[in-house]
Amino acid sequence: MGRSQVVGGVEDERRQRAVDGLGLAETGSHPRLDRITRLACLALDVPMSAVTVLDRGRAWFPSAAGFEPGSMQAEDTFCVTTLAEDATEPLAVVDAHADPRFQDLPVVHDGVNAYVGLPLRDHTGTPVATFCVFDTKPRELTPEQREAFEDLAAWAERELVASTEMQQASRVQASLLPSRPVRVGEWDVDGLCLPALAVGGDFYDYEVSGGVLHVSLGDVMGKGTGAALIGAATRTALRSTSSAVSAGVDLGVTVTHVARSMLDDLERAESFVTLIDLALDLESGIARYVDAGSGLLLLVRADGTPVRLSGRDRPLGILPDDHWEEVEVELRTGDRLVLFSDGVLDLLEDPDDWPRAVGSWVAEADDLPSFLTAMARTATEETPLDDITVVAVFRQGVKEIG
Amino acid sequence: MELDVSTRDDGIAVVVPRGRLNMVSARQLKETLSDLVAGGSARIVVDLGETTFLDSSGLGALIGGLKAARQAGGDLRVARPTPAVVSVFELTNLDRVLRARESVETAFDA
């Protein structure tokens, strides 16, 4: 039987690996594909359209228009034949009741009569899914409709593969962020990064070494993949200064070194990076920092007073002979420090008044996790246009006894 | 965003971006500026009097234009920035590189 070849054998194993590689969530929705299946129903005047994946002997639908997507046995579908034939032309079934290959399928008993399907391939050319339309009456697509069908299938294929690659990129980028909060003595450190697209130009990093916390938060010009690549490179360059930073080397020196090493790349990419790099002595509470064109660093004193900290230095990648200077500030018991990217300003009614607005968010939070949770909630509600990144360093206050 | 480009009698090019200077429109501004420099107009005034919004990509286009103009022996100056744009220049500490001039006419006087 032709069909069983698709649910077993070497070809099927390769296809199954490719399907797994798509990383599609059976429970999630896929709005980018839904747009295409909805449009297919309209454009081709069919009651049903779907993107179908055959997955370990079952068929399920990342997107379906005109019917409730469930899951079924792979061998009970038209699509298993479409994939088995692996043709570059659509498989067209005009009248399934009269076609011995399909007349016994449960869906045909349930009323499906006409079918057109085309395999969708991943970037290696392996067929991973099908794009298909169904009708309840016997019919054939007109040449124009058939052309539209092939266009829609090509679009679905692109969405399927592109969204997969971006999901993988997104996972990799997330894995470059610190994996857990820091809790050392009186200090709590944690952050969050919410890219506006699948990947973004914001990054943050922190680590504790030799009693010194080294924190950095950068924002690469622009958004998306290009910015993410520059961001990853900058993070690595900053990481390489960590041992110097914990040994007490002036941050003006280390940041200038990073800027020099990044300059060629930034010039070629026609990009720049705003950055806050900060080293905190966990014993003394003395923080040293460089503000490279970020300006978004706020200290909230234990009594709730917001103090804006900023330097006068430019972003990395602007002038070839630029240099950066270290500024010092003391964090006392109960003080809270936040660094963030300018995407946060989009969340405010009056961005110019940000120290007051952000200051009250920080002061009103019970603790660091609840501060970040509130930030994440606000960011998700507003659907921001820019990447949003926040890192917070809280020094615990003395518990009042009463 | 709309973009007007003109060249004055003294050879200084005047570029007027109107509206929001974001990721999409920044590309257009960047191309316009690099075309001007490539075409021999390395003295450029960008009139920001009607630019209502500027993001980091817009800032990147201005900095890119500034670098290109200076490399060609000229300069890029910004005139009449709106408060929204001034606050971006100040926040990024680029207000000394992109020093705001009071008028388009006098932008190259000093």
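Cut-offs used in this document
Each chain carries its own residue numbering, running from 1 in the direction its sequence is written. In the order they appear in the text, chains get letters beginning with A and ligands get numbers beginning with 1. Per-residue local features are limited, in this predicted model, to residues with pLDDT of at least 70; the limit for side-chain atom pairs, both in listing and counting, is 80 or more; totals at the level of whole chains, interfaces and linings are taken over all residues. Only DSSP runs of H or I covering at least 4 residues are called helices, and only runs of E covering at least 2 are called strands; the numbering of each starts at the N terminus. With the radius of gyration taken over C-alpha atoms, the globule rule is written as 2.2 Å times the number of residues to the power 0.38. Three classes are used. A residue is buried when 20 or more other C-beta atoms lie within 10 Å of its own, exposed when 12 or fewer do, and partly exposed in between, with C-beta atoms placed from the backbone. It is the C-beta atoms, placed from the backbone, that decide contacts: two residues are in contact if theirs lie within 7 Å. Three residue categories are used. Nonpolar comprises Ala, Val, Leu, Ile, Met, Phe, Trp, Tyr, Cys and Pro, charged comprises Asp, Glu, Lys and Arg, and polar comprises the others, including Gly. Here, a nonpolar core denotes buried Ala, Val, Leu, Ile, Met, Phe, Trp, Tyr and Cys residues that are linked to one another through C-beta atoms within 7 Å. As a rule, the C-alpha atoms of each element are fitted with a line to give its axis, helices using only the stretch in contact, and angles between N-to-C directions run from 0 to 180 degrees. Oblique is the label for any angle not covered by the other classes, which are roughly parallel (under 35 degrees), roughly antiparallel (over 145) and roughly perpendicular (65 to 115). Domain ranges listed in this record stem from an automatic or a database domain assignment. As a per-residue measure, pLDDT tells how confident the predictor is, with possible values from 0 to 100.

## Overview of the overall build of chain B
Across its full length, chain B carries three helices and six strands. Secondary structure of chain B in N-to-C order comes out as β-β-α-β-β-α-β-α-β. At 12 Å, chain B has a C-alpha radius of gyration in line with the 13 Å of a compact globule built from 110 residues. When the 110 residues of chain B are sorted by exposure, 48% land in the buried category.

## As for the overall build of chain A
Helices and strands together make up the secondary structure of chain A, namely ten helices and 17 strands. For chain A, whose C-alpha radius of gyration is 28 Å, the value lies well above the compact-globule estimate of 21 Å for 402 residues. Across its three principal axes, chain A shows a C-alpha extent of roughly 85 × 55 × 40 Å. By the burial criterion, 41% of the 402 residues in chain A qualify as buried. Long-range pairs, those at least 24 residues apart, make up 67% of the contacts in chain A between residues at least 6 apart in sequence.

## Overview of the interface of chain B and chain A
Accessible area lost during the coming together of the parts is what is often quoted as the interface size. With 13 residues of chain B at the interface, the matching set in chain A holds 15 residues. Those elements giving two or more residues to the side of chain B that touches chain A turn out to be α2 (56-71) and α3 (83-91) of chain B. The element contributing the most residues to the side of chain B that touches chain A is α2(B), with six residues. Looking at the side of chain B that touches chain A, its residues break down into six nonpolar, seven polar and no charged.

## Details of the nonpolar core
Grouped together as the largest cluster of nonpolar side chains are 95 residues, with contacts concentrated most on A:Val338, A:Leu339 and B:Ile44. When residues of this core are assigned to their parent elements, the largest contribution, seven residues, is made by α2(B). Those residues in contact with B:Ile44, other than ones at most four positions away along the chain, are B:Ala13, B:Val15, B:Leu33, B:Leu36, B:Gly65, B:Ala69 and B:Leu76. Counting residues in each nonpolar core, the second largest holds 42 residues, with A:Ala50, A:Val93, A:Tyr115 and A:Val128 among its members.

## So, the packing of helix α2 (residues 31-44) of chain A against helix α5 (residues 143-175) of chain A
Residues and elements named next belong to chain A. At a minimum axis separation of 10 Å, α2 and α5 run at an interaxial angle of 175 degrees. Classed by the angle they form, the pair α2 and α5 counts as roughly antiparallel. Taken together, the residues of α5 that come into contact with α2 (itself represented by Arg-32, Leu-33, Ile-36, Leu-39, Ala-40, Ala-43 and Leu-44) are Gln-145, Ala-148, Phe-149, Leu-152, Trp-155, Ala-156, Glu-159, Leu-160 and Ser-163. Its residues assigned to classes, the contact of α2 with α5 comprises twelve nonpolar, two polar and two charged.

## Focus on the domain arrangement of chain A
Each domain of chain A was delimited in the assignment, giving domain 1 (3-171) and domain 2 (178-395). For domain 1 of chain A versus domain 2 of chain A, the distance between C-alpha centres works out to 46 Å.

## Digging into the confidence of the model for chain B
Interpretation of the predicted coordinates at a detailed level should be avoided for regions scoring low in pLDDT. Looking at chain B, pLDDT values average 93 and 100% of them are 70 or higher. Quick note on the complex model: pTM equals 0.73, ipTM equals 0.86.

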